[in-house]
Amino acid sequence: MSDHPSDGDLVEVRRAVYRPLRRGNPLEDAVARLVQTIRLGVVAPGESLPPERELAASFGVSRDTVRDAIRELADTGYLLPRRGRYGGTFVADPLPQPAEPRAVDAAELDDVLGLRRVLETGAARAAAGRTLDAATRADLWARHEAALPAGPEEYRRLDTLLHLAIAEAAGIPSLVALVAENRADVNAWLDTFPLMPRNIQHSGEQHESIVAAILAGRPDAAESAMRDHLAGSESLLRGFLI
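Treat the numbers as computed from the prediction; the structure is a model and nothing was measured. (Residues numbered from 1 in each chain as written. Predicted model: local features only at pLDDT ≥ 70, side-chain atom pairs only at ≥ 80, totals over all residues. Heavy atoms only, no water.)

Caption draft 1: Structural context of the nonpolar core. Ranked by internal contacts, the top residues of the largest apolar core, which has 55 residues, are Leu34, Phe59, Leu140, Ile166 and Ile214. Of the residues forming this core, the biggest block, 7 residues, is contributed by helix α7 (residues 152–169). In contact with Phe59, not counting residues within four places along its chain, are Val17, Tyr18, Arg19, Pro20, Leu21, Ala30, Arg33, Leu34 and Val66. Membership of the second largest hydrophobic core comes to 10 residues, among which are Leu113, Val186, Leu190 and Leu237. (Core = buried A, V, L, I, M, F, W, Y, C linked by side-chain atoms within 4.5 Å. Buried < 20%, exposed > 50% of the residue type's maximum accessible area, 1.4 Å probe, protein only. Helix = DSSP H or I, 4+ residues; strand = E, 2+ residues; numbered from the N terminus. Contact = heavy atoms within 4.5 Å.)

Caption draft 2: Seen up close, the pairing of strand β1 (residues 79–82). Here β1 pairs with strand β2 (residues 88–91) via 4 bridges, running antiparallel. Bridging across to β2, Pro81 finds its partner in Thr89. Hairpin connection of β1 to β2: 5 residues between the antiparallel strands, including Gly84 at a positive phi of 100°. (Pairing = 2+ DSSP bridges.)

Caption draft 3: Focus on the pattern of salt bridges. Scanning the model with the defined rule gives 17 salt bridges in all. Its salt-bridge partner being Glu154, residue Arg157 comes within 3.7 Å of it at the nearest N-O pair. Here Arg157 and its partner Glu154 are both found in helix α7, 3 residues apart, which amounts to about one turn of the helix. Between Arg183 and Asp159 there is a salt bridge, and its shortest N-O distance comes to 2.3 Å. Residue Arg183 is found in helix α8 (residues 173–190), and its partner Asp159 is found in helix α7; the two are separated by 24 residues along the sequence. (Salt bridge = Lys/Arg side-chain N within 4 Å of Asp/Glu carboxyl O.)

Purely spatial values, then, with no claim about function.
Next up, the structure:
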């Protein structure tokens, strides 16, 4: 089970971020969706986005809208368009960091974290209650193992992909989109303060408990382990932001 996971394994996650936009504000929605793919680590720093024509087809908008959205994010330092044979649109490495964290309203934080608690504990319970195929089981464990040795630069992305893999393993496609959107909001706050080595180690231990419970088919244990895990990051968020 130690094979390094491929980002292509997260089929439902990619469907969740590369899906049609809501009608009304195509440019703003395209910018927001591209930022979401970056914050979730679906496209890592230094990697390229899908071609404009594919993004336009996935989002259900014109290539001009996608091009304008890319230009907006290039102007703010998130994307780097490159021309030539090996050209494309690449995610900046490193990503720009905010000059200072924005003020966070306690009610807003409660809302986002409360939704996260419901979605992710439910996902863990649902995943543990299913009969998972061998590929899904191997992917979950491999994503856990991939995050264990990660340093601060890579950990957030690999942590996010593990959580999204758990949501995908729940077998409810619409749940993946909800977890992805919620996780992007959470990551925007997490990225405003530094990762601590002890916190990374502790998270790895909790991830093992969650994944082990899912693979053992123990819904109560999976839900409880996820709840404990989320409580730790909630405490950090409240400590740093409120």
